[in-house]
Amino acid sequence: MTDVRGSSISPSSIASDEAQPQRPPQPAWRWLLRYAEEIITGLLLAVMLGSVGLGVFCRFVLGQPLSWTEEVVLICMVWLCFLGASVVTKHNEHILIDFFIALAPQRVAHAMKIFCLVVITGVLVVLLWQGILLLEVTQDVQTIALGIPTMYMYAAIPVSAFLMLIHNTRNLLSAIRS
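A.B. asks: Looking at this structure, how should I read the overall build of the protein?
C.D. replies: Secondary structure assignment for the protein yields eight helices and zero strands. The secondary structure elements of the protein, listed N-terminal to C-terminal, are α-α-α-α-α-α-α-α. In the protein, which comprises 178 residues, the share counted as buried stands at 26%. Of the contacts made within the protein by residues no fewer than 6 positions apart, 67% connect residues no fewer than 24 positions apart. For the protein, the exposed area adds up to about 12,800 Å²; of that, 69% sits on carbon and sulfur atoms.

Pasting the structure below:
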């Protein structure tokens with residue numbers, strides 16, 4: 001006997017399907033919280049593309065350029081880059097050159113990985129600290145077209161550094177345990 005997918009059905013396969021416990025569905029807020037960085041990054045990309053499209057349309061079709069679209073694109077691009085780095089850190093998918101790690105014995109390679117994660121943690125702490133100092137300096141400087149403080153654009157640095165610090169610490173603890 002076969003099912004809809006063409007797989008054979010036997011009493012043992014039915015029993016194994018029933019033996020697996022079903023996880024209760026997660027609430028929507030948990031999913032949103034788990035993928036918040038990815039969702040915000042996608043929204044920033046959509047706003048950026050929409051602003052570019054609107055700017056091009058108004059400039060070349062209507063003949064009336066909008067002054068604020070470039071600043072919106074710039075702010076979105078800064079946030080997109082930094083949050084994108086945080087997403088990549090979250091999934092541990094940064095580009096790396098593993099030539100020496102591949103040549104080293106397994107224990108040495110593992111120690112090198114832990115060392116790199118510790119160094120990255122130190123860099124992120126400095127980035128967080130300097131990002132907070134940058135916010136203090138730029139809080140009174142306003143953008144030309146939008147008239148908002150530039151600290152909202154530069155806030156991407158400490159926010160993303162903090163998120164990357166959380167993800168990198170998780171990656172470091174996972175590497176130490178393994």
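The rest of the description comes next.
A.B. asks: Would you take a moment to explain the packing of aromatic side chains for this structure?
C.D. replies: Following the criterion strictly, the structure yields two aromatic pairs and no others. Between Trp 31 and Tyr 35 the ring centres are 5.4 Å apart and the planes differ by 50°, which places this aromatic pair in the tilted class. Trp 31 sits in the partly exposed class, given a relative accessible area of 47%. Arranged with centres 5.3 Å apart and planes meeting at 75°, the rings of Phe 99 and Phe 100 form a pair that is edge-to-face.

A.B. asks: Explain the confidence of the model for the protein to me, please; I cannot follow it from the model alone.
C.D. replies: When pLDDT drops low, the exact placement of atoms in the prediction is not to be read closely. Summing up the model confidence of the protein, the mean pLDDT is 88 and the portion of residues at 70 or higher is 89%. Within the protein, no element has a lower average pLDDT than helix 1 (residues 11–19), which sits at 53, and none a higher one than helix 8 (residues 156–177), at 96.

A.B. asks: Looking at this structure, how should I read the side chain of Glu 71?
C.D. replies: Among the structural elements, Glu 71 can be located in helix 4 (residues 69–90). In this structure, Glu 71 is buried with no salt-bridge partner, the nearest side chain bearing the opposite charge being Arg 59 at 12 Å. In terms of polar contacts, Glu 71 uses its side chain to reach the backbone amide nitrogen of Ile 144, at 3.1 Å. Contact partners of Glu 71, with chain neighbours within four places excluded, come to Thr 143, Ile 144, Ala 145 and Leu 146.

A.B. asks: Whenever I open this one, the layout of surface pockets confuses me. Can you help?
C.D. replies: Taken as a whole, the largest pocket encloses approximately 500 Å³ of empty space. Around the largest pocket sit 19 residues that line it, and Asn 92, Leu 96, Cys 116, Leu 117 and Ile 120 are the ones nearest its centre. Of all the secondary structure elements, the ones that give two or more residues to the lining of the largest pocket are helix 6 (106–138) and helix 8. Sort the elements by how many residues they give to the lining of the largest pocket and helix 6 lands first, with eight residues.

So, how was this worked out
Residues numbered from 1 in each chain as written. Predicted model: local features only at pLDDT ≥ 70, side-chain atom pairs only at ≥ 80, totals over all residues. Heavy atoms only, no water. Helix = DSSP H or I, 4+ residues; strand = E, 2+ residues; numbered from the N terminus. Buried < 20%, exposed > 50% of the residue type's maximum accessible area, 1.4 Å probe, protein only. Contact = heavy atoms within 4.5 Å. Areas by Shrake-Rupley, 256 points an atom, 1.4 Å probe, with all protein chains shown as cover. Phe/Tyr/Trp six-rings, centres within 6.5 Å; stacked < 30°, edge-to-face > 60°. pLDDT = per-residue confidence, 0-100. Lys, Arg positive; Asp, Glu negative; His and termini not counted. Salt bridge = Lys/Arg side-chain N within 4 Å of Asp/Glu carboxyl O. Polar contact = N/O pair within 3.5 Å; in protein donor to acceptor, adjacent residues only side chain to side chain. 1 Å grid on protein atoms, 1.4 Å probe; cavity = no way out; pocket = protein on both sides within 12 Å on 5 of 7 lines; lining within 4 Å. Points joined across faces, edges and corners; volume = space filled by probe spheres on them.

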